[in-house]
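Each chain is listed here by its residues.
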Amino acid sequence: MVQVVTQTKTVKGTIIDESGEPLIGVSIVVKGTSTGTITDFNGNFSIDLPAGRKELVISYIGYKEQTVTVTGNGPVNVKMVSDTQALDEVVVVGYGTMKKRDLTGAITSVKSEDVVMNPSSNPMQALQGKVAGLDITRESGQAGSGVKMQLRGNRSFQKDSGNPLFIIDGMPGDYSTLNPNDIESIEVLKDASSTAIYGSSGANGVILITTKSGKAGMSRVTFSSNLTVDHAVSLPEFQNNYGQTADGTSSWGDKGNLTDYDNVGNWFGNGITAINSLTFQTGNDKMQTYFSYANTRGTGIVDSNKLQKHNITFRETASFFNDRLKLDGNASLMTQTIRNTPAGGGYYLNPLVGLYSFPRGADLAPYAENFEVFDTDRNMNLQNWYTKNEDGSFSEWDQNPYWIKNRVTNKSKRYRALASISANIKATDWLSIQARGNVDYVSDKFDNKMYASTAANIAGKNDETGLPNGRYVWSDEQNFQVYGDFMAMFNKTFGDFSINAALGTSINVSKANSLMIDSKTASLYRPNVFTVSNIIFSSKGYINQTIDAKRTIQSLFGTAQVGWKDAIYLDITARNDWSSTLANTESMKNGFFYPSVGLTWIMSNSIKLPEWINFSKFRGSFAQVGNDLPIGITNLADIIQCGGSIQTNDIEQRGDLKPEISTSIEFGTEWKFFNNRFGIDFTWYRTDTKNQLLRVANPAGSLYAFRYINAGKIRNTGIELTLEGTPFMNENFRWQMLLSHTKYKCVL
């Protein structure tokens, strides 16, 4: 009998950083195997080393990877060396990755820690102030409110034209439903030469989001909890010298010493958003798994406004045949419910109108506690307010804010499911083939209830009874998008020259179905019964239905970068899009073509500079980017309205519409000083966008009253300056600063 004994050796040790502090979660893997572990809270680890194995691979985000040979029986203690500069060098751009120093375009990178340190239900708020040229405006202080993003000013008259394209893990996606803790990095591509490869969708800039995946040789469970408090800090100043007028309807009456009841301060409270996230990561050399769940709950600065959101993400990556084939699959689900979103801006149904115009020196508390009173004639509660119209109804300009808060309610629900898969085959050391695709489904449901006695000019009256019975709005919308691309990628070095190129094709199909029903001023048959069957479907009502509104964009594209001696790089891209929205136009067959060219000179790799200058680069680029037309604008038809009336199409279609074209030139420079502790990034750009889409009146006597034309040009000229530095750093403390400045001018 032969007995085989497999010997293992237990190796223990400690991992510390450059200042001697223990590092938590450092990955330690036995080289050539899937055996691995991570350090604990004190930086300690223990791992079984199989017989015949002597090397450990130690890695951690932000530090250089080390391979340590185990000798003897003593502990293995390792000091990690930071690799911050290396992290910044490699960024996601175009259809792959590239060293940041080699780019000819303007790009800003934001890492996961910057997103996590700025907790919000909307992850894009973490970019505020970090990206020169990017304007981020939060729509309101409401729970779950979105943000408006615009890169380098507005370039078009088209609705929502300023929104940048979001690319998530290489494919188009919706950032607003992401769990912030799932984000690995964000790259913002600002100039046309960087975004031209993405086609018409990237005409207003591109924001690339890379999400986290499992890591080889480690298993990690992470729980994070963030709490954000919002408070209304900028309120109007109110006078307390003049009280109610003689009729009691407004301020600026007789002068006197008034009591300040702080009606406005009592209206607002503290908004609270809590995000709890749990993630699991594990993997070996061949397969890696990532799973996360996040729960978001929020209350707005008006306490009736509520948010609840759930995110689930599962991602699996695997490699086969000695890493020749790599597969990446991702699935995510999201549900979101927002209740009682206050009206933003304007006069109608805006509670701030009644709140701010309430007479000074008067106490709003009685109307807050008794915003409705019982009406014996109608046997129901009706709005209670200090002022009414002559006919006893309430003005659309001035209603009780507490009535609007409690009796003009709304609820929106969103369901989203996203699934994506990619396969990459390494055919040779210099050639790889890649295919990717995703499916994105979004369902939005909304209802809005306005109770009886809401202003009649907004909620209407029942024509038979003459009574205001309320208003009901209901909508259901589904959006379905399918994306796929296929690419061949080439990367090879020939002596002093390097070539990085890609050639591919893509298709993007989106389809929308929606139905919106609104009683408007037709009102309801029975008061405060909020069902579709209770809506009076007369010509005063409103119905809007969209059936299979479809947009298809098919594309061919190519990109190449030629480098010489790691000092000079030439970038060239070309793309042609065929969009279904150009149907019935002269551009339908040929689509629209746009090229770009960029040149970079890394002076610090060509000329010996003083030691205090670590990096120097100059860049310039020229590019053209197209933007297609809105859906259906080239195929207009008559519309059957609520109640059976017909709205006749009054817009002429001549078949001569063209896509918008933006032509951009840009120059910039980047410098690093004093061991990379101080940096400057400066950019000047000019973008001309022609073929603006305008609706104009036809001459009197024409068959159609209006027509669309391409006319006008918008010129955007601007500068961007980013200063970053680490003025103080020692073994226990690091102070980092970033200052960004943007100035641009738009001329029509």
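Rules and cut-offs
- Residues numbered from 1 in each chain as written.
- Predicted model: local features only at pLDDT ≥ 70, side-chain atom pairs only at ≥ 80, totals over all residues.
- Heavy atoms only, no water.
- Helix = DSSP H or I, 4+ residues; strand = E, 2+ residues; numbered from the N terminus.
- Buried < 20%, exposed > 50% of the residue type's maximum accessible area, 1.4 Å probe, protein only.
- Contact = heavy atoms within 4.5 Å.
- Areas by Shrake-Rupley, 256 points an atom, 1.4 Å probe, with all protein chains shown as cover.
- Lys, Arg positive; Asp, Glu negative; His and termini not counted.
- Charge placed at Lys NZ, Arg CZ, Asp CG, Glu CD.
- Pairing = 2+ DSSP bridges.
- Salt bridge = Lys/Arg side-chain N within 4 Å of Asp/Glu carboxyl O.
- Phe/Tyr/Trp six-rings, centres within 6.5 Å; stacked < 30°, edge-to-face > 60°.
- Lys NZ or Arg CZ within 6 Å of the ring centre and 35° of its normal.
- Axes fitted to C-alpha atoms, helices over the stretch in contact; angles between N-to-C directions.

A count of helical and extended segments in the protein chain gives eight helices and 40 strands. If you line up the protein chain on its principal axes, its C-alpha atoms span 100 × 65 × 65 Å. By the burial criterion, 45% of the 748 residues in the protein chain qualify as buried. Pairs at least 24 residues apart make up 66% of the contacts formed inside the protein chain by residues separated by at least 6 positions. Here the protein chain displays about 37300 Å² of accessible surface, and carbon together with sulfur accounts for 53% of that area. Here the protein chain carries 71 positive and 72 negative side-chain charges, and the mean point of each set is 5 Å from the other.

Another aspect to go through is the pairing of strand β13 (residues 165-168). Burial of the side chains of β13 extends over both faces: Leu165 and Ile167 are buried on one face and Phe166 and Ile168 on the other. For β13 and strand β16 (residues 206-211), the ladder comprises four bridges, and the chain directions are parallel. Across the sheet, residue Phe166 finds its bridge partner in β16, namely Ile207. With two bridges connecting them, β13 and strand β14 (residues 171-172) associate as antiparallel partners. Directly across from Ile167, in β14, lies its bridge partner Pro172. The antiparallel hairpin formed by β13 and β14 contains two residues in its connecting segment, where Asp169 sits at a positive phi of about 55 degrees.

So, about the pattern of salt bridges. All told, the structure shown has 22 salt bridges when counted by the stated rule. Across the salt bridge formed by Asp463 and Lys540, the nearest N and O atoms sit 3.1 Å from each other. Linking Asp463 in the loop between α8 (456-459) and β26 (471-494) with Lys540 in the loop between β27 (497-518) and β28 (542-564), this pair joins segments that are 77 residues apart in sequence. Since its relative accessible area comes to 57%, Asp463 is described here as exposed. Salt bridges linked by common partners bring Lys617, Arg619, Glu666, Glu670 and Asp681 together as one network.

What holds strands together in a sheet is hydrogen bonding between their backbones, with the strands either parallel or antiparallel. A sheet is described by the order of its strands in space; here three strands give the open sequence β34-β38-β37, paired in mixed fashion. Here the strands that pair on one side only, and so sit at the sheet edges, are β34 (651-652) and β37 (693-697). Relative to strand β38 (residues 706-710), β34 runs parallel, the two sharing two bridges. Pairing of Glu652 across the sheet is with Arg707, part of β38.

Here we come to the packing of aromatic side chains. Applying the stated criterion across every chain, the model contains 23 aromatic pairs. Aromatic side chains Phe667 and Trp684 sit 6.3 Å apart centroid to centroid with 25 degrees between the ring planes, which places their arrangement in the stacked category. Taken together, the residues Phe667 in strand β35 (residues 660-673) and Trp684 in strand β36 (residues 678-690) connect sequence positions 17 residues apart. A ring pair is formed by Phe673 and Phe674, whose centres lie 6.3 Å apart and whose planes are at 45 degrees; its orientation type is tilted. On the basis of relative accessible area, Phe673 is assigned to the buried category, the value being 9%. An aromatic cluster of three or more residues is present, and its members are Trp601, Trp612, Phe618, Trp671, Phe673, Phe674 and Phe678. It is Lys405 that lies over the ring of Trp267; its NZ or CZ is 5.7 Å from the centre. When the ring centre of Tyr451 is taken as origin, the NZ or CZ atom of Arg407, which lies over that ring, is 5.4 Å away.

We now examine unusual backbone geometry. At Asn379, a position not held by glycine, the phi torsion is positive, near 60 degrees. Note that Asn379 resides in the loop between β22 (372-375) and β23 (380-383).

Mapped onto the fold, Gly712 is located in the loop between β38 and β39 (713-729). The exposure class of Gly712 is partly exposed, given its relative accessible area of 45%. Residues Gly712 and His741, 29 residues apart in the sequence, show an inter-C-alpha distance of 29 Å. Those residues in contact with Gly712 that sit more than four places away from it in its chain are Thr689, Lys690, Asn691 and Gln692.

In this section: the sheet that holds strand β7 (residues 76-79). Strands sit in the order β4-β1-β7 across an open sheet of three strands; the sheet is mixed. Of all strands in the sheet, those bounded by a partner on one side alone are β4 (44-50) and β7. For this sheet the average axis-to-axis angle between neighbouring strands, irrespective of direction, equals 30 degrees. Bridge analysis of strand β1 (residues 8-16) against β4 gives seven bridges, and the strand direction is antiparallel. Each residue of the ladder has a partner; that of Thr14, found in β4, is Asn44.

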